[in-house]
Amino acid sequence: MTRLLLIDDEAPFVRAMRVSLTAMGYEVTSASTGAAGLAKVATTVPEIVVLDLGLPDMDGLDVLKQLRTWTEVPVIVLSARHRDDAKVAALDAGADDYVTKPFSMDELLARIRATLRRRPGGAVEDPIVETDAFRIDLAAKQVTVNGEAVRLTPTEWNVLEVLVRNQGKLVSQRQLLQEVWGPQYTTETEYLRVYLAALRRKLEPTPSQPRHFITEPGMGYRFVA
């Protein structure tokens, strides 16, 4: 199931959206304020965010701008603001699409599918990644070694998922900290050492000579299948 976070404060609308999206195979979480939405992006690591601009504690544009300082998660903006300058402002702030209210559910679903297809790591169906030592099923949130499931803590899984979704790319220490622990974490590199060591102990054939979870000294980490 594709993880979707809906940030909107209209309870009846959220309930209706949750029912419709869940029926279409999405795993839906919601937040009714901008602050709660930012926190949930950090803790639930959604694959797409649907963001209303009219929030009680802060403007949705400010939420979007804060997100773009630490994550590239796809964001579809919902708004009753029909003026072109509102749409331009949202797109310039980092929105992937802009949908004006009222809209049909079919239209929103089509926009979600199109946005997921366009963004790296945003496939509607999560991939299975195989190495010579272990198998990762991102959709099932499961790792197996020789067919046996390996238990990972939630944080270990989140670190693993960020690295795997950026397979072959350098993930900076700052990016990894912020995507797993939240935007306020920028220098706690000891967290990364602890959790990478745990992943290597559980998954690498020779933890002291890792082949899949590579440290780039002073920069970050790279996952290589």
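Residues numbered from 1 in each chain as written. Predicted model: local features only at pLDDT ≥ 70, side-chain atom pairs only at ≥ 80, totals over all residues. Heavy atoms only, no water.

Draft legend 1. Molecular detail of the sheet that holds strand 9 (residues 148–150). Strand order in this open sheet of four strands is 6-7-8-9, and the pairing throughout is antiparallel. The open sheet terminates on both sides in strands that have one partner only, identified here as strand 6 (128–130) and strand 9. Sheet twist, expressed as the mean angle between neighbouring strand axes with direction ignored, is 25°. When strand 8 (residues 142–145) meets strand 9, the two strands line up antiparallel, connected through three bridges. Considered in strand 9, the bridge of valine 145 is made with glutamate 148. On the sheet, helix 6 (residues 154–165) packs against strand 6, strand 7 (135–137) and strand 8 and is oriented at approximately 95° with respect to strand 7. (Pairing = 2+ DSSP bridges. Helix = DSSP H or I, 4+ residues; strand = E, 2+ residues; numbered from the N terminus. Axes fitted to C-alpha atoms, helices over the stretch in contact; angles between N-to-C directions. Contact = heavy atoms within 4.5 Å.)

Draft legend 2. Region of the structure containing the sheet that holds strand 10 (residues 170–172). With antiparallel pairing, three strands are arranged side by side in an open sheet as 10-12-11. Taken across any chain shown, the strands that pair with only one partner, and hence form the sheet edges, are strand 10 and strand 11 (213–216). Across the sheet, the mean angle separating the axes of adjacent strands is 30° when strand polarity is ignored. Two strands pair when backbone bridges link them, and strand 10 and strand 12 (residues 220–223) are joined in this way by three bridges, in the antiparallel orientation. By the bridge assignment, serine 172 is partnered in strand 12 with glycine 220. Contacting strand 10 and strand 12, helix 7 (residues 173–181) crosses the sheet at an angle of about 70° to strand 10.

Draft legend 3. Inspection of unusual backbone geometry at higher detail. A cis geometry characterises the amide bond from lysine 101 onward to proline 102, with omega recorded as -5°. By the secondary structure assignment, proline 102 is in the loop between strand 5 (97–100) and helix 5 (105–118). One non-glycine residue, valine 45, adopts positive backbone phi at about 50°. Mapped onto the fold, valine 45 is located in the loop between helix 2 (34–44) and strand 3 (48–52). Residue valine 45 is classed as buried on the basis of its relative accessible area of 14%. (Buried < 20%, exposed > 50% of the residue type's maximum accessible area, 1.4 Å probe, protein only.)

Draft legend 4. View of the pattern of salt bridges. Considering all chains together, one arrives at 14 salt bridges under this definition. Aspartate 132 is the salt-bridge partner of arginine 211, the closest N and O atoms lying 2.7 Å from each other. Highlighted residues: arginine 211 in the loop between helix 8 (189–203) and strand 11 and aspartate 132 in the loop between strand 6 and strand 7, separated in sequence by 79 residues. Arginine 211 sits in the partly exposed class, given a relative accessible area of 42%. For aspartate 132, a relative accessible area of 60% translates into the label exposed. A salt bridge links glutamate 216 to arginine 222; the shortest N-O distance between them is 3.0 Å. (Salt bridge = Lys/Arg side-chain N within 4 Å of Asp/Glu carboxyl O.)

Draft legend 5. Inspection of the packing of aromatic side chains at higher detail. In the structure shown here, the tally under the stated rule is six aromatic pairs. When the centroid spacing of 6.0 Å and the interplanar angle of 45° are considered together, the rings of tyrosine 185 and tyrosine 191 count as tilted. What makes tyrosine 185 partly exposed here is its relative accessible area of 22%. Looking at tyrosine 191, the relative accessible area reads 29%, which means it is partly exposed. An aromatic cluster is built from Trp181, Tyr185, Tyr191 and Tyr195, whose rings are joined through pairwise contacts. (Phe/Tyr/Trp six-rings, centres within 6.5 Å; stacked < 30°, edge-to-face > 60°.)

Draft legend 6. Focus on the pairing of strand 8. Pairing between strand 7 and strand 8: three bridges, direction antiparallel. When the bridges of strand 8 are listed, isoleucine 136 appears paired with valine 143. Counting the residues that bridge the hairpin from strand 7 to strand 8 gives four residues, and of these lysine 141 lies at a positive phi of roughly 55°. The turn linking strand 8 back onto strand 9 is made up of two residues, and asparagine 146 within it adopts a positive phi angle of 55°.

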